[in-house]
Amino acid sequence: MADTLALFTSIGLSEQKAKETLKNEALSSALKEAIIQAHRVRGASGVDKAMGTLLYSMASRLKDPKRVGFLSDCIVQSKICTELQLAAALEFVKSHPQDPINQKEFEDICGVGVFITPEQIEEAVESVIKKHKEKLLVERFHFNMGLLMGEARSALKWADGKVIKNEVDLQVLHLLGPKTEADLEKKAKPQKAKVTENDVKAKKEEGAVNAEVKTGEVKSLMEQLRGESLKFHKTGENYKSEGYVVTPKTMDLLKAHMEITGGQIRTRFPPEPNGILHIGHAKAINFNFGYAKANNGICFLRYDDTNPEKEEEKYFTAIRDMVEWLGYEPHAVTHASDNFQELYDLAVDLIRRGHAYICHQKGEELKGHNAPASPWRDRPTEESLVLFERMKKGLFAEGEATLRMKIVMEDGKMDPVAYRIKYKAHHRTGDKWCIYPTYDYTHCLCDSIENITHSLCTKEFQARRSSYFWLCNALDVYCPVQWEYGRLNLTYTVVSKRKIIKLVETGVVSNWDDPRLFTLTALRRRGFPPEAINNFCARVGVTVAQTTTEPHLLESCVRDVLNEQAPRVMAVLEPLKVTITNLAKNAKSDVRVPDFPANEARGSHTVPFTRTIYIEQSDFREVMEKGYKRLTPDQPVGLRHAGYVISVQKIIKDAQGKVVELEVNCCSSDTAEKPKAFIHWVSQPLVCEVRLYERLFLHKYPEDPSEVPNGFLTDINPLSLHTISSALVDTSVKGAKVLDKFQFERVGYFSLDPDSTADKLVFNRTVTLKEDPGKI
C-alpha cells in the first residue's frame, strides 16, 4: 500500500488525492499499470507532472482496461500531449473495441504530430475578428466573445485553448481599446413577447396528436424522448455503453444485427400476463412505445408468459387493450413462449459451455442473497446435460431439480435459476413443456432474438444488467443494451397485484376496474382520458430517479384535457324542488345550453324550462351568512342559461322541519337587478345514480409499517365511495354511450359507467372542478 501511494505521488498527485485513488480499486489498478508502463519507457524520473496529470486523467476515464498500456505508451512517447488529444484518443478506443488498432487512423484522429505555431493562432484569430469586426465595434465588450473563441478553435482543432483565449483578448483590446464605463454596465435583457391565451390554446390543439400535449413549460413526452435528456447509444454502437462487455464476436454480431434492423430503433414492452396494468405501467408503455415512435423506430408488445400457474387469457386481452387505449399500436405482438424451443436449445448450449448446472436445492434454500453455494456447482457437464433432459421429460417432481447459471449478480444473488419444473398446462403450448424458463434467463435472450436495440426497464432491474450482458456473451448471441429509468409511484394507493387481489377478495373494491384503484382499467372506467395519463407521464418526465407523486398532479392533467373535451350539462346531486308560481302550470320553453360556453361555435343542446325546476340543496340557505352569494329569503339568484332571476316567496318544510320545496317568483334577467350569483338547475330531468369517489386509503403510504402498523387493509377510507341513487340530470345525456364524459356544471367531471342500463344511467365522478376555497 505504501509503495503504491509513493508511486501515485511520484507523478504529481497530492497525498490526499493518492489516498482517495487507492480507495477505488478499478482506478487504482489502471493508474498503477499506467505509471509502471511509463517508468518502463521513460524511467522513474522521466515522468513530469503534466504527463502524470494525463496518465491520471486517462486511467480515470478509460472504460476498457485492456487499452491502458496502449494509451500510456502514447502519453509517455509525447504522441498525446493535451487534454483535447486525450479526449479524442479515449473516444477512438471506445469506438474501436477490437484489435488491432489502426495506428495511422488513430494518430490522424488524435492530432498526433500536429504542431500549431503562434503565427497560425494569430492569423486564425485575426481572420475571425475581421469577420465580426462591424458588430464588435457596435457592441464592444458586450459582444459574445465565446463566439470568437469557438470559431478560432474550430479552425485550429489541436491548438491550446488558453493560448487562443490570450490571443483573442489581446486582439480585441487592440481593436476596441480599454473598457469604458458603458462597457462595464450590464447588458439589458430583451423583453419576451407576450403570449396570448389564443396562442396557447392553438399550440395545445396543434400538439394534441401523438401524446404531444404540453402543459405550461413542460416539454411533451415526444420532445423529451427525442431530446438530449436521453443519453442512449446509437444503433449498432452498443459497445459504447457503460458496462457493456466486448467479446471477440461482438462486432460480427453487431454487424449481422444491423443488417437485420437496417439501423432502426427497436424496443419492447414485456408485461407478465398475470394481472392488470397500473399507472406505473403507463410510464413504461409511454417510455418504450414513445421512444421508438419519437425516433422512427418500432416497439413490440411481448408477453412474458413463462409462468403458466398465474396467467389468464383475460390479462392478455386487457394488456393489449390498455396499450392501444393509450394511443400506441404494437409493431407485433409476441410471446416469450414463441421461443420456448430456442430457449431450451440455448440452455443446453449453456450447460455444454460449462456455464450452467442442475441443482437439487429446494426453493426455500435458494431464497435471499446469502443463499449458500450449491454443492452441485461443479457437477460434470455431461451429467447436467443428462439431468436436464430428464427434467424436460418430466422424470423429476416439482422443486426436485432446477437449472442454475454460474454467475453472481450485482445484488449478491448467486447462481440464479434458469429453468424450473411446473406441471401445469400452458395457455399456448398446452402440455408440451413441463419445464419453464425464468425471467433472469428469458428476458435478455428474447430481446436478443427480436434484435431489440434498447431494452428499457425500471431501476430495480439495474442489479440484473451485468447478468443480462453475461448471458448473451456466454452464448455468443447478439447482446442488446439494458437501460434503466425511474419507476413511477403514486401516494395513497397500492399497485401490487397480490394486494389488489386482497382488496377484491375482502370486498373492499368490486374488481380490478374499481374506479378507486389506479389500475389503467380502473382509471378508464372512472373517466380519465388517455391523453391526460400520457401528459402526466410527460410532467413526471424522463427521469432515472425513482419518483413518488401525489394523485392531484394526475388529476390536474385530467382537468386540463376534460376542460377541452367534456361538453357541459346540468345535473343536481341533492335536489330541492322549486315551484315558479308566476308561471302557468303548463308553461314550457326550450333553453339553449352551449356545450362549451367559452366557444359556443362548438355546439349546444336544449333543455326544457317549466314551472317546476330543481336546484342543489346547498344553493339555498334559510338563514343568510356573511359572504353567501346564492339564494336566500332576502337574496335572489340567477338561473344559468335561462335568462331568469328567481326570488323566494314561500318556504315549505316537512314534519321534521327540513326544507322540501321553495315557491318563487321569476323575472327576466334583462329587467332585474344583476344577482350576485347564477346557479344551475334541471327541469323534467332524468333520474340517475352518481358515484362520488375519494382516496381509497387514509395515509400517503399505506404499505409503510411505520405509517400503518397493522397493514394496508386496516387503512381503508370508509368514505372512499358515496353513492347518490336519485340524482337528476338534464335529458341531453339520454343517448350517451359508456365512458362518455361530461362536465356537470359547477359540480365536476363525470363519466358514464358500464353499470348503466336503459332504465337508469350511472355516472362516476372523474375529478372535481377547480374551486376557489374561499367561495361559498
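Residues numbered from 1 in each chain as written. Predicted model: local features only at pLDDT ≥ 70, side-chain atom pairs only at ≥ 80, totals over all residues. Heavy atoms only, no water.

Take the overall build of the chain next. Along its length, the chain carries 26 helices and 26 strands. Over its C-alpha atoms the chain spans a radius of gyration of 36 Å, topping by over 25% the 28 Å that the globule rule assigns to 776 residues. Along the three orthogonal principal directions, the C-alpha set of the chain runs to about 110 × 90 × 50 Å. Relative to its 776 residues, the chain shows a buried fraction of 49%. Partitioning the intrachain contacts of the chain with sequence separation of at least 6 by distance along the chain shows that 69% fall at a separation of at least 24. Accessible surface, the chain as shown: approximately 38,400 Å² in total, 50% of it carbon and sulfur. (Helix = DSSP H or I, 4+ residues; strand = E, 2+ residues; numbered from the N terminus. Rg over C-alpha atoms; globule rule 2.2 N^0.38 Å. Buried < 20%, exposed > 50% of the residue type's maximum accessible area, 1.4 Å probe, protein only. Contact = heavy atoms within 4.5 Å. Areas by Shrake-Rupley, 256 points an atom, 1.4 Å probe, with all protein chains shown as cover.)

This part takes up the packing of aromatic side chains. Summed over the entire model, instances satisfying the criterion amount to 23 aromatic pairs. Here the aromatic rings of Tyr-439 and Phe-461 are separated by 5.2 Å at their centres, their planes lie at 35°, and the arrangement is tilted. Here Tyr-439, found in helix H21 (residues 439-449), pairs with Phe-461, found in the loop between strand S8 (454-458) and helix H22 (465-474); they are 22 residues apart in sequence, far enough to count as distant. You can call Phe-461 buried: its relative accessible area is 19%. Among the aromatic residues, ring-to-ring pairing joins Phe-340, Tyr-344, Phe-388, Tyr-419, Trp-433, Tyr-436 and Tyr-441 into one connected group. The aromatic ring of Phe-396 is capped on one face by Arg-390, whose charged end is 5.0 Å from the ring centroid. The residue whose ring lies beneath Arg-524 is Trp-325, and the NZ or CZ to ring-centre distance is 6.0 Å. (Phe/Tyr/Trp six-rings, centres within 6.5 Å; stacked < 30°, edge-to-face > 60°. Lys NZ or Arg CZ within 6 Å of the ring centre and 35° of its normal.)

Moving on to the sheet that holds strand S14 (residues 575-580). Here 6 strands make up an open sheet; going across it, the order is S17-S14-S20-S19-S18-S21 and the pairing mixed. One side of each edge strand has no neighbouring strand; the edge strands of this open sheet are strand S17 (612-616) and strand S21 (678-679). Here S14 pairs with S17 via 5 bridges, running antiparallel. Paired with Leu-576 across the bridge in S17 is Ile-615. (Pairing = 2+ DSSP bridges.)

Before going further, it helps to spend a moment on the packing of H21 against H22. Between H21 and H22, the shortest axis-to-axis distance is 9 Å and the interhelical angle comes to 65°. Judged by the twist between their axes, the crossing of H21 over H22 is right-handed. Counted together, Asp-440, Tyr-441, His-443, Cys-444, Leu-445, Asp-447 and Ser-448 of H21 and Tyr-468, Leu-471 and Cys-472 of H22 form the full contact between these two elements. Among the residues making up the contact of H21 with H22, the classes are represented as 6 nonpolar, 2 polar and 2 charged. (Axes fitted to C-alpha atoms, helices over the stretch in contact; angles between N-to-C directions. Left-handed = near helix turned anticlockwise from the far one by under 90°. Nonpolar A, V, L, I, M, F, W, Y, C, P; charged D, E, K, R; others polar.)

What follows deals with the environment of Thr-429. Turning to its location among the elements, Thr-429 is positioned in the loop between strand S6 (417-421) and strand S7 (435-437). Setting aside residues up to four positions removed in sequence, Thr-429 forms contacts with Ser-337 and Phe-340.

We now examine the pattern of salt bridges. In this structure the tally under the stated criterion is 47 salt bridges. One salt bridge in this structure joins Arg-640 and Glu-745, with 2.6 Å as the shortest N-O distance. Pair noted here: Arg-640 is in the loop between strand S18 (637-639) and strand S19 (644-653) and Glu-745 is in the loop between strand S24 (741-744) and strand S25 (748-752), with a separation of 105 residues, a long-range link. (Salt bridge = Lys/Arg side-chain N within 4 Å of Asp/Glu carboxyl O.)

Note on placement: Ser-241 falls in the loop between helix H14 (221-226) and helix H15 (250-261). For Ser-241, the residues in contact, after removing those within four places along its chain, are His-233, Val-481 and Trp-483.

Among the 7 residues of strand S16 (residues 604-610), 5 are classified as buried, and the element is accordingly described as predominantly covered. In terms of strand pairing, strand S15 (residues 588-594) meets S16 through 7 bridges, oriented antiparallel. Bridging from a neighbouring strand, Ser-589 pairs with Phe-609 of S16.

Another aspect to go through is the confidence of the model for the chain. Looking at the chain as a whole, its pLDDT mean stands at 90, while 93% of the residues score no less than 70. For residues 200-216, every residue scores under 50 in pLDDT, and the model assigns this stretch 25 contacts once sequence neighbours within four places are set aside. Between residues 771-776, whose pLDDT stays under 50, and residues either more than four places distant or in other chains, the model counts 4 contacts. (pLDDT = per-residue confidence, 0-100.)

Another aspect to go through is helix H16 (residues 279-294). Its 16 residues give H16 an end-to-end C-alpha distance of 21 Å, which sits within 8% of 22 Å, the value for a rise of 1.5 Å per residue. Taken across its 16 residues, H16 has 15 buried, putting it largely inside the fold. Following H16 by one or two positions, Asn-296 adopts a phi angle in the positive range, close to 55°. (Expected span 1.5 Å × (residues − 1).)

So, on to the sheet that holds strand S12 (residues 568-569). Taken in spatial order, the 7 strands line up as S12-S24-S25-S26-S22-S23-S13 in an open sheet, and their pairing is mixed. In the strand order of this sheet, the two ends are held by S12 and strand S13 (571-572), each with one partner. In the packing of helix H26 (residues 551-565) onto the sheet, contacts are made with S12, S24, S25 and strand S26 (761-768), and the angle to S26 comes to roughly 115°.

On to the packing of helix H2 (residues 15-23) against helix H3 (residues 25-42), then. At a minimum axis separation of 5 Å, H2 and H3 run at an interaxial angle of 115°. Judged on the interaxial angle alone, H3 and H2 are roughly perpendicular. Taking contact as the criterion, the partners of Thr-21, Leu-22 and Lys-23 in H2 are, on H3, Glu-25, Leu-27, Ser-28 and Leu-31. For the contact of H2 with H3, the residue count by class is 3 nonpolar, 2 polar and 2 charged. (Parallel < 35°, antiparallel > 145°, perpendicular 65-115°, else oblique.)

A word on unusual backbone geometry. Residues Asp-99 and Pro-100 are joined by a peptide bond in cis, for which omega reads -5°. Looking at the element boundaries, Pro-100 is found in the loop between helix H6 (83-95) and helix H7 (103-109). A positive phi angle is found at Ser-78, which is not glycine, with a value near 60°. Take Ser-78: it is sitting in the loop between helix H5 (68-76) and H6. The phi dihedral of Asp-415 falls on the positive side, at around 50°, and the residue is not glycine. Within the secondary structure, Asp-415 is located in the loop between strand S5 (402-405) and S6.

To continue, consider helix H25 (residues 530-540). With 9 of 11 residues buried, H25 lies mostly within the body of the structure. Within H25, the full set of buried residues consists of Pro-530, Ala-532, Ile-533, Asn-534, Asn-535, Phe-536, Cys-537, Ala-538 and Val-540. Just downstream of H25, Gly-541 is the residue with a positive phi angle, here 90°.

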